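Residue strings, one per chain:
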Amino acid sequence: MAIIHFSVGDSLVLKKKHPCSSDTFKVMRGGSDVRIVCTGCGRDMTLDRIKVEKAVKKVWKAALLRF
């Protein structure tokens, strides 16, 4: 299994949909426990990083803006 790199602010598309029918989540906190928030209903969850890495289908990187 390959390590999936994601950081705070990135959006994750998961393999299974949330009960609200959204499959996109935003990363709020990283580490051994990852806090993600559903973009559909706003529910936040804290999951083990291993569980999240297994469930990720696609990672959308957050755009970094510098002025």
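Our subject is the structure listed above.
Residues numbered from 1 in each chain as written. Predicted model: local features only at pLDDT ≥ 70, side-chain atom pairs only at ≥ 80, totals over all residues. Heavy atoms only, no water.

**A closer look at the packing of aromatic side chains**
For any pair of aromatic rings, the description rests on two quantities: the centre-to-centre distance and the angle between the ring planes.
Item 1. Scanning the entire structure with this criterion turns up zero aromatic pairs.
Item 2. Over the aromatic face of F6 sits the side chain of R49, whose NZ or CZ is 4.5 Å from the ring centroid. (Phe/Tyr/Trp six-rings, centres within 6.5 Å; stacked < 30°, edge-to-face > 60°. Lys NZ or Arg CZ within 6 Å of the ring centre and 35° of its normal.)

**Quick notes on the sheet that holds strand 5 (residues 56-60)**
Item 1. If you walk across this open sheet you meet the five strands as 4-3-2-1-5, and the pairing is antiparallel. Single-partner strands in this sheet number two, and they are strand 4 (44-48) and strand 5. For this sheet the average axis-to-axis angle between neighbouring strands, irrespective of direction, equals 35 degrees.
Item 2. Of the strand pairs in this sheet, strand 1 (residues 11-14) and strand 5 are connected by four bridges, and their pairing is antiparallel. Residue pairing in the sheet places S11 in a bridge with W60 of strand 5. (Pairing = 2+ DSSP bridges. Helix = DSSP H or I, 4+ residues; strand = E, 2+ residues; numbered from the N terminus. Axes fitted to C-alpha atoms, helices over the stretch in contact; angles between N-to-C directions.)

**Focus on the pattern of salt bridges**
Side chains bearing opposite charge may pair, as long as their charged atoms lie close to each other.
Item 1. Taken as a whole, this structure holds three salt bridges when the rule is applied.
Item 2. The salt bridge involving R35 is made with D44; its shortest N-O contact spans 2.8 Å.
Item 3. Given a relative accessible area of 32%, R35 falls into the partly exposed group.
Item 4. Under the relative-accessibility criterion, D44 is labelled partly exposed at 38%.
Item 5. Notably, a salt bridge pairs E53 with R49, separated by 3.2 Å at the nearest N-O pair. Residue E53 and its partner R49 are both found in helix 1 (residues 49-55); the two are separated by four residues, about one turn of the helix.
Item 6. When its relative accessible area of 23% is taken as the criterion, R49 is described as partly exposed. (Salt bridge = Lys/Arg side-chain N within 4 Å of Asp/Glu carboxyl O. Buried < 20%, exposed > 50% of the residue type's maximum accessible area, 1.4 Å probe, protein only.)

**Here's the deal with the nonpolar core**
General note: in soluble globular proteins, nonpolar side chains tend to be found buried as a group.
Item 1. Counting residues in each nonpolar core, the largest one holds ten residues, listed as F6, L12, L14, F25, V27, V34, I36, C38, V52 and V56.
Item 2. At the level of elements, strand 1, strand 2 (24-29) and strand 3 (33-38) are the ones that each hand at least two residues to this core.
Item 3. Among the elements that take part in this core, strand 3 stands out by supplying three residues, more than any other.
Item 4. Apart from the residues lying within four places of it in its own chain, the contact partners of L12 are F6, D23, T24, F25, V27, I36, V52, V56, K58 and V59. (Core = buried A, V, L, I, M, F, W, Y, C linked by side-chain atoms within 4.5 Å. Contact = heavy atoms within 4.5 Å.)

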